[in-house]
Amino acid sequence: MGKGMSYQIPEDEYMYSGDVACPGCGAGLAMRLALKALGPRTILVLPASCWSIIAGPFPYSALSVPVYHTAFETGGSTAAGVRAALDMKSDRETTVVTWAGDGGTFDIGLQALSGAVERNENFIYVCYDNEAYMNTGIQRSSATPFGAWTSTTPIGHTKDQPKKDMVGIMAAHRIPYAATANIAYPEDLVRKFQKARAMKGSRFIHILATCPPGWRIASDLSVKVARMAVQTRIFPLYEVENGVKYTINVRPKGLPVSLYLKMQDRFKHLTAEDMAIIQENVDREWERLEDRVASS
Amino acid sequence: MEKVIIGNYAVSYGAQLARVQVIAAYPITPQTQIVEKLAEMCASGELNARFIPVESEHSAMASTIGAAATGARAFTATSSQGLALMHEMIHWAAASRLPIVMANVNRALGPGWSIWADQNDSLSQRDTGWLQFYCESNQEVLDTVLQGYRIAEQVMLPVMINLDGFLLSHTSEPVDIPDQALVDRYLPLARRDLILDPDDPHSFGGLVNPEHYMEMRHKMHQAQLQGKEAAREADAQFKAIFGRSYGLVEGYRLEGAELALVVSGTIASTSRVAVDRLREQGEKVGLLKIRMFRPFPGEEVGELLGGFKKVAVIDRNISFGHGGIFCQELKSALYNLPKRPQVYGYIAGLGGRDVTPQTILDIAELTACRNVPPAEADWIWVKV
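Residues numbered from 1 in each chain as written. Chains lettered and ligands numbered in written order. Predicted model: local features only at pLDDT ≥ 70, side-chain atom pairs only at ≥ 80, totals over all residues. Heavy atoms only, no water.

If you tally the helices and strands in chain B, you get 12 helices and 16 strands. Against the compact-globule benchmark of 21 Å for 384 residues, chain B has a radius of gyration of 21 Å, which places it among compact chains. Projecting the C-alpha coordinates of chain B onto the three principal axes gives extents of approximately 70 × 50 × 45 Å. Split into buried and exposed, the 384 residues of chain B put 57% on the buried side. Within chain B, counting contacts between residues at least 6 apart in sequence, those at least 24 apart form 80% of the total. Entry remark: accessible area of chain B is about 15,200 Å², with carbon and sulfur atoms responsible for 53%. Computed over 35 positive and 44 negative side-chain charges, the inter-centroid distance for chain B is 4 Å. (Helix = DSSP H or I, 4+ residues; strand = E, 2+ residues; numbered from the N terminus. Rg over C-alpha atoms; globule rule 2.2 N^0.38 Å. Buried < 20%, exposed > 50% of the residue type's maximum accessible area, 1.4 Å probe, protein only. Contact = heavy atoms within 4.5 Å. Areas by Shrake-Rupley, 256 points an atom, 1.4 Å probe, with all protein chains shown as cover. Lys, Arg positive; Asp, Glu negative; His and termini not counted. Charge placed at Lys NZ, Arg CZ, Asp CG, Glu CD.)

Right under this line is the structure:
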């Protein structure tokens, strides 16, 4: 650590060693970092996802905070009930956090999530996004990016729709806070969780969570690939307050998307033309984001 | 205090008197008035509770579960399609061992759309682990909400209270609204252990390997069975404080009867009228009302019906391909008795078809002139 630099991330640990995540799991690292920011007065609601397994089988738990495992599509609704019960006990200190995957958020849980944030339920909803149904063996979700191989979008029939704009959907609900975060930017991630924790109402944090088996990358490249997603502007780091105030937190130079895509075998079938289409999409989305920043 | 109220409001007053703390609900006919009334009570401060106006019944049950898992006394109400949509979470509530009480207004399932009375909605939830009660009057509805919480919190399983759509839900009857202080004595709010609490962190509902899952289900089954004793105790205490009791089943004019009619819900009150009429004519007919469906009160049924030659079960429900559901349950409860009666099955009143005293009289007559029960249940007054 250089002179004048300080370690910004709390050293407290709320995730024990010995969880059952795959080596290099982005979702595991994301949880570890998030809990450092959230602290011990947190109740986690875990809808079906990789984390249903990572947290450990009965009678074990990989986490030192209370956890309620719930059904796939109930991340928004179960948390609303937990919050209501805490309110009845006048417990204003405890933060209710739903921790869901992209399937539970973008697809099956979208209705309950929309209902909860439309009511501005007082909780943080986290989507750790590994861009497919990884726990069941890498099936396409609406978070899967254009062109990616999955077990239900095999080569020759890969996904030809872009990824759903989840933060845009949340922003359209005009919730107090929506943000993206990335395990390769831990200070930014921790700051966002600390900021979210201090706010009231519905808060949404979308974390890109690399998945070595699903993305066909080596375990030790997990963080590097995650960083490249930001550097290529494929996964911009930004915040939206009250649905209108946009802020970009990291401004990368914008490396060619091919550098990101070529790191992962789920994209290895892509042609130069495919990559050009992706580059075009990424450039357009970045411009749109810049426009929103400029007009907010 | 006596009030003339509809069955739906009897549920609302029951929930209010139980001092429920979290209500999550979604509108559906003919249930809606229950939660409208509760929303009003929360808004006016008559009831100190959080009301969550969720976007679906699936979410209603999920929110109710979240609240109960955090230690709140939680309540919801639904009907028919809403109950069907909840199905996944109905299982979740029971296997989470949460003392939730839910009112279900019995209504037919579509298609075709029908909003009228029919028990197929709740009976489709038979194997979820919930205790189930079927009510005959608005007074019984209110009283069973209170008894329901007492039983649920004792055995740590959820309780479903069923009332017939429109026949009770929208029908006004005089109801004694018990005194709050007495209800508080009957149903004190106690802090539960093993809830979501940062000061005592636990993980609930995670992955269970085969070496533990079966034991958890065995405990659920044992808790269901204990539900009978818990219900007897809750009913006895209720009688001691409020002067009313219902039993798990209720026999009516069974003494000296040769034919026993077996019914549930509002068909019971109609059948009382028919039985009185038959008795006046010298016919030896009595009635058994089944109030508790899960756990099934097999012993009580066996004791009361064991000596009969003929039993006629009237079902406002149908298990397609195997007849009326109460009828099946009754047969299985009677099967191992040394001397068991003939059981005649009748299907009546589906989708709100009127069941009048004449329906019951026809069933009694049909049963009287037969010597052997037919293989299939009779569909009463069905146009074929």
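Here 9 strands make up an open sheet; going across it, the order is E8(A)-E7(A)-E5(A)-E6(A)-E4(A)-E3(A)-E1(A)-E2(A)-E9(B) and the pairing mixed. Each of the sheet's edge strands pairs with one partner strand only, and the pair in question is strand E8 (245–248) of chain A together with strand E9 (203–204) of chain B. Here strand E3 (residues 95–101) of chain A runs beside strand E4 (residues 123–129) of chain A; their pairing, made up of 5 bridges, is parallel. Of the residues in E4(A), the one forming a bridge with A:Ala100 is A:Cys127. Sheet strands touched by helix H7 (residues 186–198) of chain A: E3, E4, strand E5 (177–182), strand E6 (202–208) and strand E7 (238–241) of chain A. Its angle to E5(A), the strand with the most contacts, is close to 155 degrees. (Pairing = 2+ DSSP bridges. Axes fitted to C-alpha atoms, helices over the stretch in contact; angles between N-to-C directions.)

Moving on to the interface of chain A and chain B. Each side of the interface is counted separately: chain A has 37 residues, and chain B has 41 residues. When the buried surface of chain A facing chain B is broken down by residue, A:Phe58, A:Tyr68 and A:Met88 rank first, second and third, together holding 22% of it. At the junction of chain A with chain B, the criterion picks out 4 salt bridges. With its nearest N and O atoms 2.9 Å apart, the salt bridge here joins A:Arg41 to B:Asp199. Here chain A is connected to chain B by 14 residue pairs in polar contact (both at pLDDT 80 or more). Looking at the side of chain A that touches chain B, the elements with two or more residues in it are helix H2 (50–54), strand E2 (67–70), helix H3 (75–88) and helix H5 (110–118) of chain A. Of the residues assigned to the side of chain A that touches chain B, the class counts are 17 nonpolar, 13 polar and 7 charged. In this structure, E2(A) lies alongside E9(B), joined through 2 bridges in parallel fashion. If you follow A:Tyr68 over to E9(B), its bridge partner there is B:Phe204. (Buried area = accessible area lost by both parts, 1.4 Å probe. Salt bridge = Lys/Arg side-chain N within 4 Å of Asp/Glu carboxyl O. Polar contact = N/O pair within 3.5 Å; in protein donor to acceptor, adjacent residues only side chain to side chain. Nonpolar A, V, L, I, M, F, W, Y, C, P; charged D, E, K, R; others polar.)

In this section: the domain arrangement of chain B. All names here are of chain B. As far as domains go, chain B holds domain 1 (2–242) and domain 2 (249–379). Distance from the C-alpha centre of domain 1 to the C-alpha centre of domain 2: 28 Å. With 29 residues of domain 1 at the contact, the number on the domain 2 side is 31 residues. When domain 1 packs against domain 2, close to 2,400 Å² is buried across both sides, 49% of that on carbon and sulfur atoms. In terms of surface lost to domain 2, no three residues of domain 1 exceed Arg126, Glu136 and Lys228, which account for 27% of the buried area on that side. (Domains from an automatic or database assignment.)

Across the chain, the bulk of peptide bonds are trans and the bulk of non-glycine residues have phi less than zero. Of note, the amide linkage connecting B:Thr29 to B:Pro30 takes the cis form, showing an omega dihedral of 0 degrees. Along the chain, B:Pro30 falls in the loop between strand E2 (22–25) and helix H2 (32–44). A cis amide bond, omega -10 degrees, links B:Pro111 with the succeeding residue B:Gly112. Even without a glycine there, the phi angle at A:Glu131 is positive, about 65 degrees. Within the secondary structure layout, A:Glu131 lies in the loop between E4 and helix H6 (166–172). Judged by its relative accessible area of 5%, A:Glu131 falls in the buried class. We note that B:Ser80 has phi near 45 degrees; this positive angle belongs to a residue other than glycine. Mapped onto the elements, B:Ser80 comes out in helix H4 (residues 80–95). Judged by its relative accessible area of 0%, B:Ser80 falls in the buried class.

Looking now at the sheet that holds strand E10 (residues 249–252) of chain B. Each strand in a sheet pairs with its neighbour through backbone hydrogen bonds, running either in the same direction (parallel) or in the opposite one (antiparallel). Residue and element names in this part refer to chain B. Here 6 strands make up an open sheet; going across it, the order is E10-E12-E11-E14-E15-E16 and the pairing mixed. Looking at strand neighbours, the two that pair on one side only are E10 and strand E16 (378–379), the edges of this open sheet. In the sheet, strand E15 (residues 342–347) pairs with E16 via 2 bridges, with the strands oriented parallel. Directly across from Ile347, in E16, lies its bridge partner Trp379. In this fold helix H10 (residues 298–305) packs onto E10, strand E11 (259–263), strand E12 (285–290) and strand E14 (310–315), with an angle of close to 175 degrees to the strand it touches most, E12.

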